[in-house]
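Next come the chains, spelled out residue by residue.
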Amino acid sequence: MSGLAAAAPRRPKCVVLNLKRMDFDGRLDLSALRAAADVEAFDASPSDALILERVAGAEIVITKEMVLGGDVVARFPASVRCVIEAGTGYNNHDRGALAARGIVLRTCPAYSIEAVATLVLTHVLAFSASIYEQRRRLQAGDRRHFEDMDANIGTMPHFELAGKTLGLVGGNGAIGTRVGQLALAFGMRVLVSTRSGRCPAGCEVASLPALLEASDFVSVHCPLSDETRGLLGAEALVFIYPSSYVFNTARGAKRPGA
């Protein structure tokens with residue numbers, strides 16, 4: 001149809017319900033998102049009434065570590081087609097309620113792999129050199145370890161990581177795999193307890209009791225579910241040596257009202 005301007009492609013409406021949770025330093029650039037959709041962003045949406053008011057007419061809803069319960073999802077307008085968790089995991093959203101409404105749920109599973117894996121190895125390195133204990137003593141005004149090394153030898157553990165064992169509970173996912181790779185680079189032995197029976201290259205599969213009994217460090221990376229809740233309870237902890245260290249960087253339950 002010569003002489004007629006082509007109609008502009010329709011832009012979906014996108015609402016961000018709690019921008020401050022993801023833009024904590026004020027530096028988040030939404031320009032790419034705004035180029036693809038009509039975006040309305042709110043710092044926080046602290047009530048169900050506000051959530052429902054703000055998603056009116058929206059096709060895409062973006063949240064960050066914010067609970068969307070089934071009672072709220074059931075009252076979503078028919079326009080909502082997709083909910084995006086700007087993080088990893090699905091535990092903050094009622095997946096059954098979303099599926100019942102035909103609403104697709106998407107996450108960003110890769111965004112924190114390096115950050116969390118580096119955090120785990122930071123803890124491993126810090127404990128191997130008693131950094132936390134030295135800091136605690138200095139804050140308390142205790143400088144004996146620094147002023148009389150002979151008298152205080154052995155009061156704080158210092159050891160090399162090569163030859164030590166790191167146990168990964170649920171370590172077959174992206175973050176656990178990366179932690180294993182970093183640990184292997186330090187010459188550590190890496191054990192993995194996983195329901196799939198598979199493990200990353202260079203690591204070894206172990207039952208949970210065997211892993212806990214053999215590990216100098218234990219790092220938890222399994223998602224929170226009915227199967228994993230309380231996994232490292234009293235019955236499991238009896239297998240861990242008193243000198244071992246346990247890190248939990250896995251996803252926990254959402255705090256009510258958070």
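Please refer to the structure higher up on the page.
Residues numbered from 1 in each chain as written. Predicted model: local features only at pLDDT ≥ 70, side-chain atom pairs only at ≥ 80, totals over all residues. Heavy atoms only, no water.

A. Inspection of the overall build of the protein chain at higher detail. On a plain count of helices and strands, the protein chain comes out with twelve helices and ten strands. Against the compact-globule benchmark of 18 Å for 258 residues, the protein chain has a radius of gyration of 24 Å, which places it well outside the compact range. Reported as C-alpha extents along the three principal axes, the dimensions of the protein chain are approximately 90 × 45 × 40 Å. Taken across its 258 residues, the protein chain has 38% of its residues classed as buried. A fraction of 60% describes how many contacts in the protein chain between residues 6 or more apart in sequence connect residues 24 or more apart. Total accessible area on the protein chain is roughly 14,700 Å²; 55% of this is exposed by carbon and sulfur atoms. Considering the protein chain, the positive charge centre built from 28 side chains and the negative charge centre built from 26 side chains are found 5 Å apart. (Helix = DSSP H or I, 4+ residues; strand = E, 2+ residues; numbered from the N terminus. Rg over C-alpha atoms; globule rule 2.2 N^0.38 Å. Buried < 20%, exposed > 50% of the residue type's maximum accessible area, 1.4 Å probe, protein only. Contact = heavy atoms within 4.5 Å. Areas by Shrake-Rupley, 256 points an atom, 1.4 Å probe, with all protein chains shown as cover. Lys, Arg positive; Asp, Glu negative; His and termini not counted. Charge placed at Lys NZ, Arg CZ, Asp CG, Glu CD.)

B. Here's a closer look at the sheet that holds strand β2 (residues 38-41). Overall, parallel pairing links the five strands, which are arranged β2-β1-β3-β4-β5 in an open sheet. Two strands lie at the open edges of the sheet, namely β2 and β5 (104-106), each paired on one side alone. Here the average twist between neighbouring strands, direction ignored, is 20 degrees. (Pairing = 2+ DSSP bridges. Axes fitted to C-alpha atoms, helices over the stretch in contact; angles between N-to-C directions.)

C. Spatial organisation of the sheet that holds strand β8 (residues 204-205). Judged by pairing direction, the sheet is parallel, and its five strands sit side by side in the order β8-β7-β6-β9-β10 without closing on themselves. Either end of the sheet is taken by a strand with one partner, and the two such strands are β8 and β10 (245-248). Against the sheet, helix α6 (residues 113-128) touches β9 (217-220) and β10, its axis set at about 160 degrees to β10. Relative to strand β6 (residues 165-169), helix α10 (residues 174-185) is tilted by about 175 degrees, and along the sheet it contacts β6 and β7 (189-193).

D. A look at the pairing of β6. Of all five residues in β6, five are buried; the element is thus mostly enclosed. Alternating positions in β6 separate into two faces, T165, G167 and V169 on one and L166 and L168 on the other, with burial throughout. Of the pairings in the sheet, the one linking β6 to β7 comprises five bridges and is parallel in character. Across the sheet, the residue bridging to V169 is S193, located in β7. The β-α-β motif built from β6, the intervening α10 and the parallel element β7 has right-handed crossover chirality. Two strands pair when backbone bridges link them, and β6 and β9 are joined in this way by four bridges, in the parallel orientation. (Right-handed = clockwise from strand over helix to strand, strands pointing away.)

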